[in-house]
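# Breakdown of the fold
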Amino acid sequence: MDAELINMIQDKRDSLTGVYERFTTEDFARTLVQNNRPFSIMLIDGDNFKNINDGYGHSVGDKVIALMAEKLKAAYKDKAFVGRFGGDEFMIIAPDIVEYDELWQTCHDAYDQFENFVIPEYPSIFLTITTGAARFPKDGATYEDLFEKADKALYRGKQKGRSCFIIYLEEKHKDIKIHSSDSPTANSMQMHNTIFTILSKSKDLKQTLPYLLQFFTTTLMIDHMGIQGKESLLFSEVYSLSKVKDFSYIDNALIAGNVNKATSVFYLNDVKQLFAIHQDALIKACEEQQLISMCCVEISYGGKFYGYLRADATLTFRIWQHTDMDLILTAAKAIAMVLYFQGKTLEDLV
């Protein structure tokens, strides 16, 4: 980076990440505009970062943000300035990079850094990024104009399903209207992708299933996730904030009669629902483990039944959302397919 550019930016750093603070980065962009120096701005946002804060706590979230900053600094080195815009959002200023192909490669450099984002202490955390980029003077005559265009490109990337980068093009993106809430469809796509990412980390399900269960407990804040085979609870993960820690096998026969054959799912928002249909044995099994709500999904494929993927809520009831049950169903069927094509049972894994 030449001395002229370095002299344009104040050396004020963000305390958590060590990259430039927001207002310093914005002032630098405005200075480049005033000097009529071509540059690109990239807005980078961590995908579904709220799930990390909610599931692991803000101290872990801060570690993830700091690691994001390190990866961005590694990606851009001497060709761009990295600033933290706020939370898990970063702003990158790349002087003299305005040709589409060069900007495309610049965006891709960061994308590569996050392709296998892993924190050794928290292997179930998988973070991807979405980037929106715009160019001066092609896309705007002021910093504010440029930021608006980059933000539209970022929003388009979120709509597409995240984990991508979008370079603003007037003919494609000018009519985008940004809404404050995330797209439920895009969020669902990302979550489904994460399930398959976890399961594909190893051919050995014994290695990946614990990470999958941890992902569910922390992301959806479920007290307990378990995989039970034909006669026992084989895998079990308890959410760190759950007040109940001990879970055990529930007889498959008690579950099977309640499973919806069309969806392979049985769920209870409140165990009291069972009183009306006089399922005393299942009520007793739930009460013994202080279960108030549960969702069980068949692990089955190709006419073979392997067991159940079980999600439990304790002490207070949980209203199961269709989006949550859809994720659990996807995971159960993916597990079943792997078992089927490997010629194994759940019991073979333990």
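In case you missed it, the structure is sitting above this.
What counts and what doesn't
Residues numbered from 1 in each chain as written. Predicted model: local features only at pLDDT ≥ 70, side-chain atom pairs only at ≥ 80, totals over all residues. Heavy atoms only, no water. Helix = DSSP H or I, 4+ residues; strand = E, 2+ residues; numbered from the N terminus. Buried < 20%, exposed > 50% of the residue type's maximum accessible area, 1.4 Å probe, protein only. Contact = heavy atoms within 4.5 Å. Core = buried A, V, L, I, M, F, W, Y, C linked by side-chain atoms within 4.5 Å. Arc of directions from axis to C-beta. Disulfide = S-S within 2.5 Å. Lys, Arg positive; Asp, Glu negative; His and termini not counted. Salt bridge = Lys/Arg side-chain N within 4 Å of Asp/Glu carboxyl O.

## Some words on the side chain of Thr130
Topologically, Thr130 is positioned in strand 4 (residues 129-136). By relative accessible area, which is 0% here, Thr130 ends up buried. Every residue in contact with Thr130, bar those within four places of it in the chain, is listed here: Leu43, Ile44, Asp45, Asp47, Leu154, Gly157, Lys158, Arg162, Ser163 and Cys164.

## Some thoughts on unusual backbone geometry
Of all residues except glycine, most have a negative phi; of all peptide bonds, most are trans. With omega at 10°, the peptide bond leading from Phe136 into Pro137 counts as cis. Checked against the element boundaries, Pro137 lands in the loop between strand 4 and helix 6 (143-160). Notably, Asn36 is not glycine yet its phi reads approximately 55°, a positive angle. Positionally, Asn36 belongs in the loop between helix 2 (22-34) and strand 1 (39-46). A residue is classified by how much of its surface remains accessible, and Asn36, at 56% relative accessible area, is exposed. The phi dihedral of Gln290 falls on the positive side, at around 60°, and the residue is not glycine. We classify Gln290 as partly exposed; its relative accessible area is 41%.

## Considerations on the nonpolar core
One finds Phe216, Ile299 and Ile335 to be the most contacted residues of the largest nonpolar core, which totals 36 residues. The greatest single-element share of this core, amounting to nine residues, is contributed by helix 12 (residues 322-342). Counting residues in each nonpolar core, the second largest holds 32 residues, with Met42, Val64, Ile119 and Ile125 among its members.

## A few points about helix 11 (residues 280-288)
Those residues of helix 11 not exposed but buried are Leu282, Ile283, Ala285 and Cys286. The buried residues of helix 11 occupy an angular sector of 160° when the element is viewed end-on, so they sit on one face. Residues of helix 11 that are exposed and point more than 90 degrees away from the buried face comprise Asp280, Lys284 and Glu288. Buried-residue contacts for helix 11 involve helix 10 (252-256), strand 8 (265-268) and strand 9 (291-301). Positive phi shows up at Gln290, right after helix 11, with a value of about 60°.

## Some points on the state of the cysteines
Evaluated as defined, the whole model comprises zero disulfides. Among the cysteines around Cys295, which has no disulfide bond, Cys296 carries the closest sulfur, lying 6.8 Å off. On the accessibility criterion, Cys295 (0% relative accessible area) is buried. Under the relative-accessibility criterion, Cys296 is labelled buried at 0%.

## Quick word on the side chain of Lys149
Tracing the backbone shows Lys149 in helix 6. Buried within the structure, Lys149 lacks any salt-bridge partner; Glu170 is the closest side chain of opposite charge, at an N-O distance of 4.2 Å. For Lys149, the contacting residues outside a window of four places in its chain are Ala134, Asp139, Tyr168 and Glu170.

## A few points about the environment of Tyr122
Tracing the backbone through its elements, the reader meets Tyr122 in the loop between helix 5 (100-113) and strand 4. The class of Tyr122 is partly exposed, set by a relative accessible area of 21%. For Tyr122, the contacting residues outside a window of four places in its chain are Tyr56, Val60 and Lys63.

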